[in-house]
Amino acid sequence: MIRNERDLRQNQALDIAQKMLVAARTAPKGKGADIVECAVVNGDDLERLAQEMERIGAERCYGFFLRDAGNVRQSLCTLLIGTCEQAQALDCGHCGFPTCASRTEGVPCAINSVDVGIALGAACSKACDYRVDTRVLFSAGLAAQSLGILGADVRQVYAIPVSISSKSPFFDRK
């Protein structure tokens, strides 16, 4: 049997994306609170995500959302990583308020933000191990959040599209 690499890309991308999710899941979390949510989007849901990015981009006049929607379409799959909002009761002040109780509604707990960042870094590091092309996209994460893909209570969502191609579509972008 002969298997051409081009015919294996989709399955390989999904396999690597699953390994990236494991890296995100096992990344250290503040106070050990596991409030990070992750998923992989592919197939028709990639197009739905790209369309939501275009809708938001047009609504807010954010041209980069349109460019990034093209990147999502060029990917074989896209990871989503976000966090449920949960103040960690440390009264650390990193969010800009002296105590967790004094924090204004909608202001994210800084520990939650750091947790998402560490999970993103762990996932991208795993992608690097396999030499697949990725880029962290705020735009696609915001669109996924708007669609409620990770759940209605998940915030600070970021996306990592995954590509296996001879040239990364995520750099030298217009």
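Preceding this paragraph is the structure being described.
From a predicted model like this one, the values you see are computed outputs, not experimental measurements.

Cut-offs and rules
- Residues numbered from 1 in each chain as written.
- Predicted model: local features only at pLDDT ≥ 70, side-chain atom pairs only at ≥ 80, totals over all residues.
- Heavy atoms only, no water.
- Pairing = 2+ DSSP bridges.
- Helix = DSSP H or I, 4+ residues; strand = E, 2+ residues; numbered from the N terminus.
- Polar contact = N/O pair within 3.5 Å; in protein donor to acceptor, adjacent residues only side chain to side chain.
- Contact = heavy atoms within 4.5 Å.
- Axes fitted to C-alpha atoms, helices over the stretch in contact; angles between N-to-C directions.
- Left-handed = near helix turned anticlockwise from the far one by under 90°.
- Nonpolar A, V, L, I, M, F, W, Y, C, P; charged D, E, K, R; others polar.
- Salt bridge = Lys/Arg side-chain N within 4 Å of Asp/Glu carboxyl O.
- Patch = residues over 30% accessible without salt bridge, like charges linked within 9 Å, V, L, I, M, F, W, Y side chains within 5 Å.
- Areas by Shrake-Rupley, 256 points an atom, 1.4 Å probe, with all protein chains shown as cover.
- Buried < 20%, exposed > 50% of the residue type's maximum accessible area, 1.4 Å probe, protein only.

**Brief notes about the sheet that holds strand β4 (residues 154-163)**
Then, in step 1: Pairing is antiparallel across the open sheet formed by four strands, whose spatial order is β1-β2-β4-β3. Either end of the sheet is taken by a strand with one partner, and the two such strands are β1 (36-41) and β3 (133-134).
Then, in step 2: Here β3 runs beside β4; their pairing, made up of two bridges, is antiparallel. When the sheet's bridge partners are listed, Asp-133 is paired in β4 with Ser-163.

**Brief notes about the side chain of Gln-88**
Then, in step 1: Within the fold, Gln-88 resides in the loop between β2 (77-84) and α4 (110-129).
Then, in step 2: Reaching out from Gln-88, the side chain makes a polar contact with the backbone oxygen of Gln-86 at a distance of 3.0 Å.
Then, in step 3: Those residues in contact with Gln-88 that sit more than four places away from it in its chain are Gly-30, Lys-31, Ala-33, Ile-35, Cys-109, Ile-111 and Asn-112.

**Thoughts on the packing of helix α1 (residues 5-26) against α4**
Then, in step 1: Relative orientation of the contacting elements α1 and α4 amounts to 145°, with a least axis distance of 7 Å. The way α1 lies across α4 gives a crossing that is right-handed. Along its contact with α1, which presents Lys-19, Met-20, Ala-23 and Ala-24, the element α4 presents Ala-119, Ala-122, Ala-123, Lys-126 and Ala-127.
Then, in step 2: The residue makeup of the contact of α1 with α4, split by class, is seven nonpolar, no polar and two charged.

**Some points on the pattern of salt bridges**
Then, in step 1: Tallying each qualifying case throughout the model produces 11 salt bridges.
Then, in step 2: The structure contains a network of salt bridges with shared partners spanning Glu-47, Glu-54 and Arg-73.

**Some words on a nonpolar patch on the surface**
Then, in step 1: Judged by side-chain polarity, Tyr-62, Phe-64 and Phe-138 come together as a nonpolar surface patch covering roughly 260 Å² of accessible area.
Then, in step 2: Structurally, Tyr-62 can be placed in the loop between α2 (44-60) and α3 (63-74).

**Overview of the environment of Asp-34**
Then, in step 1: Tracing the backbone through its elements, the reader meets Asp-34 in the loop between α1 and β1.
Then, in step 2: Of the residues examined, Asp-34 reaches a relative accessible area of 46% and is grouped as partly exposed.
Then, in step 3: Along the chain, Asp-34 and Thr-83 lie 49 residues apart, while their C-alpha atoms are 8.9 Å from each other.
Then, in step 4: In contact with Asp-34, other than residues within four places in its own chain, are Arg-25 and Lys-29.
Then, in step 5: For Asp-34, the side chain forms a polar contact with the side chain of Arg-25, separated by 2.6 Å.

**Remarks on the pairing of β2**
The side chains of a regular strand alternate, residue by residue, between the two faces of the sheet.
Then, in step 1: Most of β2 sits inside the fold, with eight of its eight residues counted as buried.
Then, in step 2: Here β1 pairs with β2 via six bridges, running antiparallel. If you follow Cys-38 over to β2, its bridge partner there is Ile-81.
Then, in step 3: Bridging between β2 and β4 involves seven bridges; their strand directions are antiparallel. From the neighbouring strand, Cys-84 faces β4, where its bridge partner is Val-154.

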